[in-house]
Amino acid sequence: MARAKIAVLISGRGSNLQSLIDAAADDNYPAEIALVISNRPKVKGLERATKAGIHQLVIDHKDFQTREDFDAAINEALRVTKIDYVCLAGFMRMLTPQFVNDWRGRLINIHPSLLPAFKGLHVHERMIDAGVKIAGCSVHFVSAEVDAGPIIGQAAVPVLPGDDADTLAARILEQEHKLYPACVKLITENKARLSGAVVPFDSSVIASGALSNPPSV
Ligand code: GAR
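Model, not experiment: these values are computed from the prediction.

What counts and what doesn't
- Residues numbered from 1 in each chain as written.
- Predicted model: local features only at pLDDT ≥ 70, side-chain atom pairs only at ≥ 80, totals over all residues.
- Heavy atoms only, no water.
- Helix = DSSP H or I, 4+ residues; strand = E, 2+ residues; numbered from the N terminus.
- Rg over C-alpha atoms; globule rule 2.2 N^0.38 Å.
- Buried < 20%, exposed > 50% of the residue type's maximum accessible area, 1.4 Å probe, protein only.
- Contact = heavy atoms within 4.5 Å.
- Areas by Shrake-Rupley, 256 points an atom, 1.4 Å probe, with all protein chains shown as cover.
- Lys, Arg positive; Asp, Glu negative; His and termini not counted.
- Charge placed at Lys NZ, Arg CZ, Asp CG, Glu CD.
- Salt bridge = Lys/Arg side-chain N within 4 Å of Asp/Glu carboxyl O.
- Pairing = 2+ DSSP bridges.
- Right-handed = clockwise from strand over helix to strand, strands pointing away.
- Near = heavy atom within 4 Å.
- Polar contact = N/O pair within 3.5 Å; in protein donor to acceptor, adjacent residues only side chain to side chain.
- 1 Å grid on protein atoms, 1.4 Å probe; cavity = no way out; pocket = protein on both sides within 12 Å on 5 of 7 lines; lining within 4 Å.
- Sits in = over half its atoms within 2 Å of the grid points.
- Nonpolar A, V, L, I, M, F, W, Y, C, P; charged D, E, K, R; others polar.
- Phe/Tyr/Trp six-rings, centres within 6.5 Å; stacked < 30°, edge-to-face > 60°.
- Axes fitted to C-alpha atoms, helices over the stretch in contact; angles between N-to-C directions.
- Parallel < 35°, antiparallel > 145°, perpendicular 65-115°, else oblique.
- Left-handed = near helix turned anticlockwise from the far one by under 90°.

1. Overview of the overall build of the protein chain
Check the secondary structure of the protein chain and you find 7 helices and 7 strands. Relative to the globule expectation of 17 Å for 217 residues, the C-alpha radius of gyration of the protein chain, 17 Å, shows essentially globular dimensions. Counting only C-alpha atoms, the protein chain reaches 45 × 40 × 35 Å along its principal axes. Here the protein chain holds 217 residues, and the buried ones make up 47% of them. For the protein chain, the share of sequence-separated contacts (at least 6 apart) that also reach a separation of at least 24 residues comes to 62%. Per element, the accessible surface of the protein chain, about 10700 Å² overall, is 53% carbon and sulfur. Of the side chains in the protein chain, 23 bear a positive and 24 a negative charge, and the two mean positions are spaced by 2 Å.

2. A closer look at the pattern of salt bridges
In the structure shown here, the tally under the stated rule is 5 salt bridges. For arginine 171, the salt bridge goes to aspartate 163, with nearest N and O atoms at 2.6 Å. Residue lysine 191 is joined to glutamate 189 by a salt bridge in which the shortest nitrogen-to-oxygen separation is 3.3 Å. Residue class for lysine 191 comes out partly exposed when judged on its relative accessible area of 40%. Judged by its relative accessible area of 30%, glutamate 189 is partly exposed. Among the charged side chains, a salt-bridge network with shared partners connects Lys185, Glu189 and Lys191.

3. Concerning the pairing of strand β2 (residues 31-38)
With 7 of 8 residues buried, β2 is to be regarded as a mostly interior element. By the bridge criterion, 7 bridges tie strand β1 (residues 4-10) to β2 in an arrangement that is parallel. Across the sheet, isoleucine 6 pairs through a bridge with isoleucine 33, a residue of β2. Assessed by its sense of winding, the connection that carries the chain from β1 through helix α1 (residues 15-24) to β2 is right-handed. Pairing geometry for β2 and strand β3 (residues 56-58), over 3 bridges, is parallel. Paired with serine 38 across the two strands is valine 58, which belongs to β3.

4. Overview of the site of the ligand
Near the ligand you find Arg13, Gly14, Ser15, Asn16, Gly90, Met92, Ile110, His111, Pro112, Asp147, Leu173 and Glu176, and these make up its full shell. Take arginine 13: an N or O atom from its side chain is 2.6 Å from an oxygen atom of the ligand. One nitrogen or oxygen atom from the side chain of histidine 111 is found 3.0 Å from a nitrogen atom belonging to the ligand. Against a free-state accessible area of 450 Å², the protein chains account for coverage of 89% of the ligand. Spatially, the ligand is embedded in the largest pocket. Those elements that place two or more of their residues in the shell around the ligand are α1, β5 (107-111) and α6 (165-188). Of the residues assigned to the shell around the ligand, the class counts are 4 nonpolar, 5 polar and 3 charged.

5. Looking at the packing of aromatic side chains
One pair of aromatic rings is described through two measures. These are the centre distance and the angle between the planes. In total, this model carries 3 aromatic pairs according to the counting rule given. Of the aromatic side chains, those joined through ring pairs into one cluster are Phe64, Phe70 and Phe91.

6. Examining the packing of helix α5 (residues 123-130) against α6
Interaxial distance between α5 and α6 falls to 9 Å at its minimum, and their mutual angle equals 115°. Here α5 is positioned roughly perpendicular relative to α6, judged by the angle of their axes. Read as a crossing pair, α5 and α6 show a hand that is right-handed. Taken together, the residues of α6 that come into contact with α5 (itself represented by His124, Glu125, Met127 and Ile128) are Ala165, Leu168, Ala169 and Ile172. For the contact of α5 with α6, the class distribution of residues is 6 nonpolar, 1 polar and 1 charged.

Read these as layout, nothing more, since geometry by itself doesn't imply function.
Set out below in structure tokens:
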């Protein structure tokens, strides 16, 4: 069966992009990374795409007068490449409601908290300051609000004595790299799908281990 075509949108380091590239290197994985778009030139994530031989584009938001024009340029690139799903992986630009609506159910994000808690920026520092004992990451369908939308999967980690924002971020990132490929697999195999405001899945998904913590797909 043809593999789903994924575009990954990045703004920097691209370690989550790498986890998707690595998963898709297996021919049995149901998705291929067909395009990487960065809104910033010369970032590490673009080097990763080059190394993997993936078609890449820099669409720099600074070259556009409005958010609408910027999003239209991204949309056009996605259309030309016949993309099925868009994965945001550390893409630090807000997308317009029009774009989000056009890609409803096919636009996915990863965020380093157990949503709906701790949306936005400086998440790890804010969790340490709040004294939370369990942290984690979430993969979700994107809705118009930042870091919000129906949750596809989550992984939890403990906050340990002596943690600072960096040690906590590293522990969460390790789970992000497992969770994102696992969730993209569920979605592209049609085992989890947007239904109104939630993403239901049946017991076969639970049995597969895809949603255990850490995910094992
Ligand atoms: C990741 O921790 C991701 O969860 C976060 O940015 C980092 C990107 O790292 N995303 C957000 O905070 C979205 N609001 P990466 O470039 O190495 O994948």
